[in-house]
Amino acid sequence: MTTSTATTLANVVASPPSGRPKAVVFDHHEYAASVILRGRPVPWDNATAYAASFAQAQGLLRPDVALLDLNRLYGHLTTGNARLETAMAARSRTGFALRTLLGDEDLNRAVLDFVTVFAKTARQPVVLRFKSPMAWLMETHHFSGSDDTSGLDADNAENASMYVSDWLRAFAGLPVAGLLLDNRTPAGASRGVHVPLEAYTPIANLAGNYRWTLGQLDDDQARLKGDAAVGAYIPAGFWLEPDVELPAGDFYLADIPSAASPECVLARLETLG
């Protein structure tokens, strides 16, 4: 069984709905927390309230997609979850902790409920961003009893991609336009083995079956599977200073910092078209 969405991320990149010359994928989480929520807690426990505040930011910035960062949602839902942490640490086998995390029924139900509300209320094509299998494997590896991730390799990551693909099936009935595997090195962390997007065959097959565009965010650029378009990251300084230029790229990805003023952001949006 396959499901489809009227617009894919590849379609968006080829023909931006905003009318801009190049599509822009905005992560406005920090900016919206400052400007719209004004320091109030992000309403992760109320999907409807989250969708409403998200829509306000979307209306101001006019992005080409609605980007939902599942890394943050998982961070909220798993923090302090002693039951889940105990289960993840029950075996030392590589990948066991990640498989346990992605197979937890209570957590999966909460995530699916949240994503369902978000996807069905979004006015733009929905793109889900989450850690690449390698990044997720490295993040959860300490539950195996070791903090040493130097032994993790591409084979481990490919095995992990099977767990991720099984987890993704829960979103099959939702209007999802694309998936972005976040493979960027976290600040202060050492870079692990680079695993190319092509290595994640189980995820690629699933995405193709459901007609979801699959992409990966690496440290230097973003790539979409089967597409020559290259995504460039707009530097944070672009939103803070008027003389910072746009990088070369076929489409853009931008994290708008909380320190950016609404006036400066609106002015810089004009330069995007």
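So, a few notes on the structure that sits alongside this text. Quick caveat, the model's predicted, so the values are computed rather than measured.

A separate point is the layout of surface pockets. Its boundaries defined by the atoms lining it, the largest pocket holds a volume of some 490 Å³. Put simply, the parts of the chain that give the lining of the largest pocket at least two residues each are α4 (70–78), β3 (126–131) and α8 (133–140). Counting residues per element, the lining of the largest pocket draws most heavily on α8, at four residues. Among the residues forming the lining of the largest pocket, the class breakdown is six nonpolar, six polar and eight charged. The volume enclosed by the second largest pocket comes to roughly 260 Å³. Forming the walls of the second largest pocket are 15 residues, and the residues nearest its centre are Tyr74, Thr78, Leu101, Glu139 and Thr140. Among the secondary structure elements, those contributing two or more residues to the lining of the second largest pocket are α4, α5 (82–88) and α8. In terms of residue count, the dominant contributor to the lining of the second largest pocket is α4 (four residues). Among the residues forming the lining of the second largest pocket, the class breakdown is six nonpolar, six polar and three charged.

Tallied over the full model, the rule gives three cavities of 30 Å³ or more. Computed from the structure, the largest cavity encloses a volume of approximately 180 Å³. Along the wall of the largest cavity there are 17 residues; nearest its centre are His28, His29, Ala32, Tyr50 and Phe54. If you list the elements that add at least two residues to the lining of the largest cavity, you get β1 (24–27), α2 (29–35), α3 (47–61) and β2 (66–69). Among the residues forming the lining of the largest cavity, the class breakdown is 10 nonpolar, three polar and four charged.

What follows is about the environment of glycine 192. Topologically, glycine 192 is positioned in the loop between β4 (176–182) and α10 (201–209). Expressed as a C-alpha distance, the spacing of glycine 192 and alanine 55, which sit 137 residues apart in the sequence, is 36 Å.

Moving on, we get to the packing of helix α6 (residues 96–103) against helix α9 (residues 154–168). At a minimum axis separation of 10 Å, α6 and α9 run at an interaxial angle of 0°. When the interaxial angle is binned, α6 and α9 end up roughly parallel. The residues of α9 that touch α6, namely those facing Leu98, Arg99 and Leu102, are Ala160, Tyr163, Val164 and Trp167.

The subject of this paragraph is the side chain of threonine 140. Examined against the element boundaries, threonine 140 turns out to sit in helix α8. From its side chain, threonine 140 meets the backbone oxygen of tryptophan 136 in a polar contact 2.9 Å long. Among all residues touching threonine 140, those that are not within four sequence positions of it are Met88, Ala97, Leu98 and Leu101.

Let's shift gears to the packing of aromatic side chains. A complete count under the given rule lists 15 aromatic pairs for this structure. Between tyrosine 74 and tryptophan 167, the aromatic rings sit 6.0 Å apart at their centres with planes inclined by 70°, giving edge-to-face as the arrangement. Of this pair, tyrosine 74 sits in helix α4 while tryptophan 167 sits in helix α9, and the two are 93 residues apart along the sequence. Under the relative-accessibility criterion, tyrosine 74 is labelled buried at 4%. Their ring planes at 85° and their centres at 5.5 Å tell us that tryptophan 167 and phenylalanine 171 sit as a pair that is edge-to-face. For the pair tryptophan 167 and phenylalanine 171, one class covers both residues: buried. An aromatic cluster is built from Trp44, Tyr50, Phe54, Phe114 and Phe118, whose rings are joined through pairwise contacts. Directly above the ring of phenylalanine 238 sits arginine 268, whose terminal nitrogen or CZ lies 3.9 Å from the centroid.

Here the focus is the pairing of strand β8 (residues 251–255). Each regular strand shows side chains that alternate between the opposite faces of the sheet. With respect to burial, β8 is a largely interior element, four of its five residues being buried. Pairing between β1 and β8: four bridges, direction parallel. Across the sheet, the residue bridging to aspartate 27 is aspartate 255, located in β8. Relative to β8, strand β7 (residues 230–234) is paired through four bridges, and the arrangement is parallel. Bridge pairing in β8 places glycine 231 opposite phenylalanine 251.

Summed over all chains, the structure comprises nine salt bridges. We note a salt bridge from glutamate 198 to arginine 223, for which the minimum N-O separation is 2.9 Å. With glutamate 198 in the loop between β4 and α10 and arginine 223 in strand β6 (residues 222–224), this residue pair connects regions lying 25 residues apart in the sequence. Owing to a relative accessible area of 28%, arginine 223 belongs among the partly exposed residues under this scheme. The structure contains a network of salt bridges with shared partners spanning Asp27, Asp69, Arg72 and Arg129.

Calculation notes
- Residues numbered from 1 in each chain as written.
- Predicted model: local features only at pLDDT ≥ 70, side-chain atom pairs only at ≥ 80, totals over all residues.
- Heavy atoms only, no water.
- 1 Å grid on protein atoms, 1.4 Å probe; cavity = no way out; pocket = protein on both sides within 12 Å on 5 of 7 lines; lining within 4 Å.
- Points joined across faces, edges and corners; volume = space filled by probe spheres on them.
- Helix = DSSP H or I, 4+ residues; strand = E, 2+ residues; numbered from the N terminus.
- Nonpolar A, V, L, I, M, F, W, Y, C, P; charged D, E, K, R; others polar.
- Axes fitted to C-alpha atoms, helices over the stretch in contact; angles between N-to-C directions.
- Parallel < 35°, antiparallel > 145°, perpendicular 65-115°, else oblique.
- Contact = heavy atoms within 4.5 Å.
- Polar contact = N/O pair within 3.5 Å; in protein donor to acceptor, adjacent residues only side chain to side chain.
- Phe/Tyr/Trp six-rings, centres within 6.5 Å; stacked < 30°, edge-to-face > 60°.
- Buried < 20%, exposed > 50% of the residue type's maximum accessible area, 1.4 Å probe, protein only.
- Lys NZ or Arg CZ within 6 Å of the ring centre and 35° of its normal.
- Pairing = 2+ DSSP bridges.
- Salt bridge = Lys/Arg side-chain N within 4 Å of Asp/Glu carboxyl O.

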